[in-house]
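Here is what each chain is made of, one letter per residue.
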Amino acid sequence: MIIAIDGPAAAGKGTLSRRIAETYGFSHLDTGLAYRATAKALLDAGLPLDDEAVAEGVAAKLDLGGLDRAVLSRHEIGEAASKVAVMPSVRRALVEAQRQFSRMLPGTVLDGRDIGTVVCPDAPVKFYVTASPEIRARRRYDEITGNGGAADYQAIFDDVKRRDERDMGRADSPLRPAADAHLLDTSEMSIEAAFQAAKIIIDAALNRNA
Ligand code: DC
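So, here is what we can say about the structure in this document.

Reading the values: the criteria
Residues numbered from 1 in each chain as written. Predicted model: local features only at pLDDT ≥ 70, side-chain atom pairs only at ≥ 80, totals over all residues. Heavy atoms only, no water. Helix = DSSP H or I, 4+ residues; strand = E, 2+ residues; numbered from the N terminus. Contact = heavy atoms within 4.5 Å. Pairing = 2+ DSSP bridges. Axes fitted to C-alpha atoms, helices over the stretch in contact; angles between N-to-C directions. Parallel < 35°, antiparallel > 145°, perpendicular 65-115°, else oblique. Left-handed = near helix turned anticlockwise from the far one by under 90°. Nonpolar A, V, L, I, M, F, W, Y, C, P; charged D, E, K, R; others polar. Polar contact = N/O pair within 3.5 Å; in protein donor to acceptor, adjacent residues only side chain to side chain. Expected span 1.5 Å × (residues − 1). Buried < 20%, exposed > 50% of the residue type's maximum accessible area, 1.4 Å probe, protein only. Arc of directions from axis to C-beta. Patch = residues over 30% accessible without salt bridge, like charges linked within 9 Å, V, L, I, M, F, W, Y side chains within 5 Å. Areas by Shrake-Rupley, 256 points an atom, 1.4 Å probe, with all protein chains shown as cover. Salt bridge = Lys/Arg side-chain N within 4 Å of Asp/Glu carboxyl O. Lys, Arg positive; Asp, Glu negative; His and termini not counted. Charge placed at Lys NZ, Arg CZ, Asp CG, Glu CD. Phe/Tyr/Trp six-rings, centres within 6.5 Å; stacked < 30°, edge-to-face > 60°. Lys NZ or Arg CZ within 6 Å of the ring centre and 35° of its normal.

Quick notes on the environment of Ala85
In step 1: By the element assignment, Ala85 lies in the loop between helix 5 (75-84) and helix 6 (88-102).
In step 2: C-alpha separation for the pair Ala85 and His28, spaced 57 residues apart in sequence, amounts to 20 Å.
In step 3: Beyond its immediate sequence surroundings of up to four residues, Ala85 is in contact with Tyr35, Arg91 and Arg170.

Below, the structure is given as structure tokens:
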């Protein structure tokens, strides 16, 4: 069983994916971490974010098992990851490892931008998790300030919009819902309510496969 979860930044995909993986005993892969790790390695080495050959070399050497969410979750790294992710050869270097992961038993949950469309187009269950840019920026703001950090709502909002445009507008594997994805709009819905809606759909798919 493969569950593909896509959507824009800060829509709640991560929380929802982890909750689903825990509930069903499936392995979870946050594919954004691979793009983030590639971007961070480039930044740490003082290398440019737009040299495709250099970035591909870094992406090809990544170990998907060794990615540290706490280190990679910083806002600026997300922005850098979005820039690195427009390059087709970087995507090619990362996607095969994601496909291999998806075949783990008894099942997997992968979240990202292109899981239902490119990485696992045959996944039996796909979700597209979204929310308005205002709500997503507010959630990011609350998360940062809740952890004792300083944040500027307007700057985060502008960043969310810019990231949406880049992720949806790129030529290779743009963010968009797969034709057979179930839409979950979390603007007016708690993540718990989204999980309950997702669970009904997953249980039905598991029953069909049983
Ligand atoms: O989900 P995230 O915020 O960690 O992702 C960071 C960036 O990585 C995102 O803005 C675009 C890119 N990304 C991608 O292009 N494809 C994926 N499957 C996951 C992330």
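Past the structure itself, the notes keep going.
Observations concerning the sheet that holds strand 4 (residues 125-130)
In step 1: Strand order across the open sheet formed by five strands is 2-3-1-4-5, with parallel pairing between neighbours. Edge strands, defined here as strands with exactly one partner in the open sheet, are strand 2 (27-30) and strand 5 (182-185). Neighbouring strand axes in the sheet, compared pairwise and without regard to direction, differ in orientation by 20° on average.
In step 2: Judged from the five bridges that link them, strand 1 (residues 2-6) and strand 3 (residues 108-112) form a sheet pairing that is parallel. Opposite Ile3, over in strand 3, you have Val109 as the bridge partner.
In step 3: Running over the sheet, helix 1 (residues 13-24) touches strand 1, strand 2, strand 3, strand 4 and strand 5 and is turned about 175° from strand 3.

Some details on the packing of helix 5 against helix 9 (residues 153-169)
In step 1: Close contact between helix 5 and helix 9 brings their axes to 10 Å; oriented N to C, the two are set at 20°. When the axes of helix 5 and helix 9 are compared, the pair comes out roughly parallel. Of the two elements, helix 5 crosses helix 9, and the hand of that crossing is left-handed. Residues His75, Gly78, Glu79, Ser82 and Lys83 of helix 5 lie in contact with helix 9, whose contacting residues are Ile156, Asp159, Arg162, Arg163, Arg166 and Asp167.
In step 2: Taken together, the residues of the contact of helix 5 with helix 9 break down into one nonpolar, three polar and seven charged.

Structural notes on the side chain of Asp159
In step 1: Here Asp159 lies in helix 9.
In step 2: At a separation of 2.9 Å, a polar atom in the side chain of Asp159 contacts the side chain of His75.
In step 3: Sequence-distant contacts of Asp159, defined by excluding residues within four places in its chain, comprise His75 and Glu79.

Examining helix 1
In step 1: For helix 1, which comprises 12 residues, the first-to-last C-alpha distance of 16 Å matches the rise-based estimate of 16 Å (1.5 Å per residue) to within 8%.
In step 2: Here helix 1 has its buried residues at Lys13, Leu16, Ser17, Ile20, Ala21 and Tyr24. Here the buried residues of helix 1 occupy an arc of 130° about the axis, which is enough to place them on one side.
In step 3: In this structure, the buried residues of helix 1 make contact with strand 1, strand 2, strand 3, strand 4, strand 5 and helix 10 (191-209).
In step 4: Looking one or two residues past helix 1, Gly25 carries a phi angle of roughly 70°, positive in sign.

A short note on a negative patch on the surface
In step 1: A cluster of like negative charges, contributed by Asp50, Asp51, Glu52 and Glu56, occupies part of the molecular surface.
In step 2: One can find Glu56 in helix 3 (residues 52-60).

A closer look at the pattern of salt bridges
In step 1: One pass over the full model with this rule turns up 14 salt bridges.
In step 2: With a closest N to O distance of 3.2 Å, Lys199 and Asp203 form a salt bridge. Here Asp203 and Lys199 lie together in helix 10, a separation of four residues that amounts to about one turn.
In step 3: Among the charged side chains, a network of salt bridges with common partners joins Glu79, Asp159, Arg162 and Arg166.

Description of helix 9
Residues three or four positions apart in an α-helix share a direction because the helix packs 3.6 residues into each turn.
In step 1: With 17 residues, helix 9 should cover 24 Å at 1.5 Å per step; its first-to-last C-alpha distance of 24 Å lies within 8% of that length.
In step 2: Along helix 9, the residues that are buried comprise Ile156, Phe157, Asp159, Val160, Arg163, Asp164, Arg166 and Asp167.
In step 3: Turning to helix 9, the residues buried within the fold contact helix 2 (32-44), helix 5 and helix 8 (133-146).
In step 4: The N-capping residue of helix 9, defined by a side-chain oxygen 3.1 Å from the backbone nitrogen of Gln154, is Asp152.

Some thoughts on the packing of aromatic side chains
In step 1: One pass over the full model with this rule turns up three aromatic pairs.
In step 2: Plain terms: the ring middles of Tyr141 and Tyr153 are 6.4 Å apart, the flat faces sit at 75° to each other, and that makes the pair edge-to-face. Of this pair, Tyr141 sits in helix 8 while Tyr153 is found in helix 9, placing the two residues 12 residues apart along the sequence.
In step 3: Looking at Tyr141, the relative accessible area reads 23%, which means it is partly exposed.
In step 4: By relative accessible area, Tyr153 is classed as partly exposed at 23%.
In step 5: Aromatic rings pair up to connect Tyr141, Tyr153 and Phe157 into one cluster.
In step 6: Here the guanidinium or amino end of Arg19 rests over the ring plane of Phe195, the centre of that ring lying 4.1 Å away.

The quantities given are spatial measurements derived from coordinates; they are silent on function.
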